[in-house]
Amino acid sequence: MTDQEQASKISEIIEAYPADQRFALAAMQDMQHAFNYIPEEGLSALAAYLGCAEAQLYSMATFYKALSLTPKGDHIVKICNGTACHLRGAMNLATELKRNLGIDPGETTEDGTFSVELVNCLGSCALAPVMLVDGTYHNKLRVDQIPGIIESYANGEVVSAHD
Amino acid sequence: MSEMLTITIDGKECTCEKGEYIYDVARRNNIPIPVLCRSDAFADHRACCRICIVEVEERGRRKVVTSCVYPVSQECAVYTKSEKILEERAVIFALLAHRAPDAKRIAEMNASMGSDGFDRLVTIDNEKCILCGLCVQACDSLGTGAISTVLRGTEKKVDTPYDRPSEFCVGCLSCANVCPTGAIEYAQTDTTRTIWNREFDLVFCEKCGNLMGTPESIQHAVGAQGEAPRVCDECRKRELADEMMQTYRYV
């Protein structure tokens, strides 16, 4: 995406909302969705449009886990670490992912393909341990299934939900 | 004039308006309540440090409230030094002292409280900030909005966006001056001032040579279109007085 495309996309997202501060979060969520992160230009453009301080938006963007200020990977892998998943070895999944992708939870691979996140509960405790890749649930996972799943996304065999 | 009420604070009868905050009534009657995050500069208070807690007895019921934001709504009895308050305040002080061990003011207040027995709490090294947010409130109220609280939980801190020098900061030191614990650091030499990683020039009065502030803060005070004054307030008043004297000389 060129800078110009990005700028026009940003203004398209922002101008879909009335210029009122209560739409700040909604607009930021849309940006997160469109770019996989909130670009700096987006934050300052939104601040100018809403007439609030950029620092205030920055504060919100750093507060909510759903918003990110650094680019996320194309595929977002969420490992559930709720009580049930934790007991059934969610951390082993995280270790296996680290072995596979070389990143800890909260990081993004250098080529920008994968981001790994540790989340608190996905609400599917009966299916523990659960891993969510781009909105697709992988249930009752065993550690030895992970390389195959990662490979299928890396090769583009699975089309991710948000593209 | 709104309704007047009589309340008792520590046994002393005090008259106040309905809706006034207990802290304000107590202070007017020379009853000290310790505070950190309360500033006279603002009408709405943070109620964040929790040190100003008092016990209020209304209709026979006692409850603990933060006096800086608790409006008097009916006749009541207020206790600022009850056993319960002293105990709870000691806990709050202990927590604040472990949060911000380098803050002199907290250490002083804490020493007079004598809150021991909290050794199991983890102390954060080299910290002065209690995250009350007064600095952010000051910056926002000036319309500069250069700083805000960033991140959350244990990582929460006050900072400029992206941890970079802010183009909106005018170097006025409002944040540093309003801070109750002196947590906002700045450096000043004869000609420059550095705050929030940005260096500002300093402007001096053309007449008396007193420090007037940074060019940015002076311009901010008069608005973008306004003409920045070249002399300080004192000298301007004197100039005005001289002018008046000249004008009325022959009257």
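Residues numbered from 1 in each chain as written. Chains lettered and ligands numbered in written order. Predicted model: local features only at pLDDT ≥ 70, side-chain atom pairs only at ≥ 80, totals over all residues.

*Asks:* Lay out the pairing of strand E2 (residues 12-17) of chain B in plain terms, naming residues and giving numbers.
*Replies:* All names here are of chain B. Pairing geometry for strand E1 (residues 4-9) and E2, over six bridges, is antiparallel. Note on E2: the bridge partner recorded for leucine 5 is cysteine 16. Between E1 and E2, which pair antiparallel and follow one another directly, the connecting turn spans two residues, one of which, aspartate 10, has a positive phi of 50 degrees. (Pairing = 2+ DSSP bridges. Helix = DSSP H or I, 4+ residues; strand = E, 2+ residues; numbered from the N terminus.)

*Asks:* Give a detailed account of the domain arrangement of chain A, specifying residues and quantitative values.
*Replies:* One can read the domain layout of chain A as domain 1 (3-63) and domain 2 (75-154). Between the C-alpha centres of domain 1 of chain A and domain 2 of chain A there is a distance of 29 Å. (Domains from an automatic or database assignment.)

*Asks:* Tell me what's going on with the interface of chain A and chain B, and back it up with residues and numbers.
*Replies:* In many reports, interface size means the accessible area that the parts give up when they come together. The interface of chain A with chain B comprises eight residues on the first partner and 11 residues on the second. Among the residues forming the side of chain A that touches chain B, the class breakdown is four nonpolar, three polar and one charged. (Contact = placed C-beta atoms within 7 Å. Nonpolar A, V, L, I, M, F, W, Y, C, P; charged D, E, K, R; others polar.)

*Asks:* Outline the nonpolar core, supporting the account with residue identities and numerical values.
*Replies:* Within the largest apolar cluster, 67 residues are counted, with the highest numbers of intra-cluster contacts made by Leu46 of chain A together with Ile22, Val35, Cys135 and Ile147 of chain B. Valine 35 of chain B has contacts with Tyr23, Cys49, Ile51, Cys52 and Cys68 of chain B, leaving out every residue within four places of it along the chain. Val77, Cys80, Phe114 and Val130 of chain A belong to the second-largest nonpolar core, a separate cluster that totals 17 residues. (Core = buried A, V, L, I, M, F, W, Y, C linked by C-beta atoms within 7 Å. Buried ≥ 20, exposed ≤ 12 C-beta atoms within 10 Å, placed from the backbone.)

*Asks:* Outline the sheet that holds strand E8 (residues 186-188) of chain B, supporting the account with residue identities and numerical values.
*Replies:* All names here are of chain B. Taken in spatial order, the three strands make up an open sheet running E8-E9-E10, and their pairing is antiparallel. Only two strands of the sheet have a single neighbouring strand rather than two, namely E8 and strand E10 (198-201). Each strand of the sheet is rotated relative to its neighbour by a mean of 15 degrees, with strand direction disregarded. Here three bridges tie E8 to strand E9 (residues 192-195), and the two strands are oriented antiparallel to one another. Bridge pairing links alanine 187 to threonine 194 in E9. (Axes fitted to C-alpha atoms, helices over the stretch in contact; angles between N-to-C directions.)

*Asks:* Explain the domain arrangement of chain B to me, and be specific about the residues and the numbers.
*Replies:* Domain annotation of chain B identifies domain 1 (4-113), domain 2 (133-186) and domain 3 (202-251). Taking only C-alpha atoms, the centre of domain 1 of chain B and the centre of domain 3 of chain B are 41 Å apart.

*Asks:* Provide a residue-level description of helix H6 (residues 90-101) of chain A, including the pertinent values.
*Replies:* Residue and element names in this part refer to chain A. Between its first and last C-alpha atoms H6 spans 16 Å; for 12 residues at 1.5 Å apiece the expected length is 16 Å, and the two agree. Taken together, the buried positions of H6 are occupied by Ala90, Leu93, Glu96, Leu97 and Leu101. All buried residues of H6 fall inside an arc of 115 degrees around its axis, so they share one side. Considering only its buried residues, H6 is in contact with strand E1 (75-80), helix H5 (83-87), strand E2 (114-119), strand E3 (131-133) and helix H7 (146-154). Just downstream of H6, glycine 102 is the residue with a positive phi angle, here 75 degrees. (Expected span 1.5 Å × (residues − 1). Arc of directions from axis to C-beta.)

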